[in-house]
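Descriptive structure summary
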Amino acid sequence: MFQIHANTSIAMSPKSPSDSWGPATRALHTGQRRSAEGENSIALYLTSSFAFESPEQARARFADEEPGNIYSRFTNPNLSAFEERMAALEGGEDAVSFASGMAAISSTFLALLSAGDHIVLSRSVFGSIANVARDVLPRMGIEVDLVSLSDLEAWRAAIKPNTKMLFMETPANPTLEMGDIAALAQLAHDNGAILAVDNVFATPVMQQPLALGADLTVHSATKYLDGQGRVLGGAVVGRKDLVRGPIYSYLRNCGPTLSPFNAWVLHKGLETLALRMERHNHSALQIAQALDCHALLSGGKVRYPGLPSHAQHELAKRQMQGFGGLLCLELGDRERAYRFLNALTIAQITANLGDSRTLATHPATTTHAKWKEEARQAAGITQGLVRLSIGLEDVADLQADFEQALEAMAG
Ligand SMILES: *Cc1c(COP(=O)(O)O)cnc(C)c1O
């Protein structure tokens, strides 16, 4: 029997019946709630505050002596339900949700780092994370170093006595470069630091950073967790002392809170995550293999962790259960990339990824447009790079569309 919680915000205990379940069962049967009406699909709790039976009860709730809802900036049943499901999927002790992926990530930095601390990040990260590292953290007196994601020696060399956090994204956006989670967790712990992993591209269905030693995973729920391009959301999952401690406290006081409606959408989105990822993986692998043999893309111009030509294919096989729904094409220059994008008939041109529909992006002039050209070059984000987020369409239709767009590009 799955757990049905009463109206309470008690965080899930680390050991629960879900420990022996696979990801699909966890996503369907954890984090459930049922009100006195007996609904089987979770209700939507659109309320800004919660009523107390007495001033004594209000006092006890505020004093953390009695669990329960207080105010939707930091307690709401839809948020708690989504958080429990995320913790169960990632195998984490606890989870806290946020209004967006960037709210989750910037809050993690600001909750755990202080003036005088040092953080090391991989160079190829989501554009806004790099912008926060470059523009916001130094203003708070936090020292930042960026290193090559796949170069373990560079990570080691960057560590200083005041290093508090290593932050990586694997596979990375948009280059699909990968980092060794277990090795970086070991390096962090040997030096008294923590490792936080952005698990957006792989999702907890295909990669479990906490089981490999990471202390935290961070998510943009906007992508595959919703999976249908509807709402923004974010989450931080992992060690309870960090998540329910400083990170929750930051959320409670600073207020980058997820809306109950978005939490409800994400909670339902997780129910189909495992099924969707299976299809995304399968279609992306098939398309990557077909395009890799295309005359216009010969010589390793298709980047996909599932291709033997990917520099870290062995690491991908070891660290992930599936290679993901994103692939990149190196089309030579911006003009060719734009000609390809303009010729697509199925894929939508957007800056999003992880939607049910196939999406195409030119990172150099959109998500990474604010970077200096040298920084883009160093991260492998060329003017010819196109990122494809393979959707749930019939794979033959997608393949035909990409092939005709390549022909149109070649002229
Ligand atoms: C989109 C994304 C983010 C940021 O999430 P938002 O929900 O857009 O704020 C962070 N990391 C990765 C890898 C992403 O793709």
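Residues numbered from 1 in each chain as written. Predicted model: local features only at pLDDT ≥ 70, side-chain atom pairs only at ≥ 80, totals over all residues. Heavy atoms only, no water.

- Under the annotation held in an unreviewed UniProt entry, the chain carries the name O-succinylhomoserine sulfhydrylase and is attributed to Magnetofaba australis IT-1.
- Reading the Function (unreviewed entry) entry of the UniProt record for the chain gives the comment "Catalyzes the formation of L-homocysteine from O-succinyl-L-homoserine (OSHS) and hydrogen sulfide."
- Here is the UniProt Cofactor (unreviewed entry) comment for the chain, exactly as written: "pyridoxal 5'-phosphate". (UniProt positions renumbered as here; feature names shortened; annotations may be inferred.)

Let's talk about the overall build of the chain
- Counting secondary structure elements, the chain contains 15 helices and 14 strands.
- A compact globule built from 411 residues should have a C-alpha radius of gyration of about 22 Å, and the chain, at 22 Å, falls within 12% of that.
- If you line up the chain on its principal axes, its C-alpha atoms span 75 × 50 × 35 Å.
- Put simply, of all contacts in the chain between residues at least 6 apart along the chain, 73% involve residues at least 24 apart.
- Per element, the accessible surface of the chain, about 16,200 Å² overall, is 54% carbon and sulfur.
- When the 35 positive and 43 negative side-chain charges of the chain are each reduced to one mean point, those points stand 3 Å apart. (Helix = DSSP H or I, 4+ residues; strand = E, 2+ residues; numbered from the N terminus. Rg over C-alpha atoms; globule rule 2.2 N^0.38 Å. Contact = heavy atoms within 4.5 Å. Areas by Shrake-Rupley, 256 points an atom, 1.4 Å probe, with all protein chains shown as cover. Lys, Arg positive; Asp, Glu negative; His and termini not counted. Charge placed at Lys NZ, Arg CZ, Asp CG, Glu CD.)

Notes on the environment of G31
- Within the secondary structure layout, G31 lies in the loop between helix 1 (23–29) and strand 2 (32–33).
- Exposure remark for G31: the relative accessible area of 7% places this residue in the buried category.
- Considering only alpha carbons, one finds G31 and M86, 55 residues apart in sequence, at a separation of 8.5 Å.
- Setting aside its immediate chain neighbours within four residues, G31 contacts I42, A81, E84, R85 and H267. (Buried < 20%, exposed > 50% of the residue type's maximum accessible area, 1.4 Å probe, protein only.)

Focus on the confidence of the model for the chain
- On average, the chain scores 94 in pLDDT, and the residues at 70 or more come to 96%.
- Overall, residues 1–14 carries pLDDT values under 50, and its contacts beyond four positions in sequence, including any with other chains, amount to 39 contacts. (pLDDT = per-residue confidence, 0-100.)

Concerning the UniProt feature "modified residue: N6-(pyridoxal phosphate)lysine" (unreviewed entry) in the chain
- Here the UniProt feature "modified residue: N6-(pyridoxal phosphate)lysine" (unreviewed entry) sits at K223.
- Looking at the secondary structure, you find K223 in the loop between strand 8 (216–220) and strand 9 (234–238).
- When neighbours within four sequence positions are excluded, K223 is seen to be in contact with F126, V200, N352, L353 and G354.

Some thoughts on the packing of helix 13 (residues 334–343) against helix 15 (residues 395–410)
- Viewed as axis vectors pointing N to C, helix 13 and helix 15 meet at an angle of 135°, and their least axial separation amounts to 8 Å. Judged on the interaxial angle alone, helix 15 and helix 13 are oblique. Remark: the crossing between helix 13 and helix 15 carries right-handed chirality. Residues R336, R339, F340 and A343 of helix 13 form the contact with helix 15, whose own contacting residues are D401, F402, Q404, A405, L406, A408 and M409.
- Its residues placed into classes, the contact of helix 13 with helix 15 shows seven nonpolar, one polar and three charged. (Axes fitted to C-alpha atoms, helices over the stretch in contact; angles between N-to-C directions. Parallel < 35°, antiparallel > 145°, perpendicular 65-115°, else oblique. Left-handed = near helix turned anticlockwise from the far one by under 90°. Nonpolar A, V, L, I, M, F, W, Y, C, P; charged D, E, K, R; others polar.)

Brief notes about the site of the ligand
- Close to the ligand lie 15 residues; M102, D198, S220, T222 and K223 are nearest.
- At a separation of 2.8 Å, an oxygen atom of the ligand approaches a polar backbone atom of M102.
- Separating an oxygen atom of the ligand from a side-chain N or O atom of K223 is a distance of 2.8 Å.
- Among the elements that make up the shell around the ligand, the one with the highest residue count is helix 4 (residues 101–112) (three residues).
- Of the residues contributing to the shell around the ligand, the split by class is seven nonpolar, five polar and three charged. (Near = heavy atom within 4 Å. Polar contact = N/O pair within 3.5 Å; in protein donor to acceptor, adjacent residues only side chain to side chain.)

A closer look at the pattern of salt bridges
- One pass over the full model with this rule turns up 19 salt bridges.
- A salt bridge links E271 to R85; its shortest N-O distance comes to 2.9 Å. Of this pair, E271 sits in the loop between helix 10 (260–269) and helix 11 (273–292) while R85 is found in helix 3 (residues 77–90), placing the two residues 186 residues apart along the sequence.
- Looking at R85, the relative accessible area reads 0%, which means it is buried. (Salt bridge = Lys/Arg side-chain N within 4 Å of Asp/Glu carboxyl O.)

Quick word on the sheet that holds strand 8
- Read from one edge of the open sheet, seven strands run 3-9-8-7-6-4-5, paired in mixed fashion. Each having just a single partner strand, strand 3 (94–98) and strand 5 (143–147) make up the two edges of the open sheet. Adjacent strand axes in the sheet meet at a mean angle of 20°, parallel and antiparallel pairs treated alike.
- As paired elements, strand 7 (residues 194–198) and strand 8 share three bridges and run parallel to each other. Paired with A196 across the two strands is L216, which belongs to strand 8.
- Strand contacts of helix 4: strand 3, strand 4 (118–122), strand 6 (163–169), strand 7, strand 8 and strand 9, with the helix running at about 145° to strand 8, the strand carrying the most contacts. (Pairing = 2+ DSSP bridges.)

Description of the nonpolar core
- F109, F167 and F340 are the most contacted members of the largest nonpolar core, which has 99 residues in total.
- Of all the elements, helix 11 adds the most residues to this core, at seven residues.
- In contact with F109, not counting residues within four places along its chain, are I119, L121, I129, V132, L137, M165 and F167.
- Judged by nonpolar contacts, the second largest core, of 18 residues, contains I159, I181, L184 and A214. (Core = buried A, V, L, I, M, F, W, Y, C linked by side-chain atoms within 4.5 Å.)

What to know about the sheet that holds strand 12 (residues 348–349)
- Overall, mixed pairing links the five strands, which are arranged 10-11-14-13-12 in an open sheet. The two strands at the open ends of the sheet, each matched to only one other strand, are strand 10 (302–303) and strand 12.
- Pairing of strand 12 with strand 13 (residues 359–361), which is carried by two bridges, proceeds in the parallel orientation. Bridge assignment links I349 to a residue of strand 13, and that residue is A360.
- Contacts from helix 11 reach strand 10 and strand 11 (326–330), with the element oriented near 15° to strand 11.
- Those strands touched by helix 13 are strand 11, strand 12, strand 13 and strand 14 (385–389), and its axis lies near 30° from that of strand 14.

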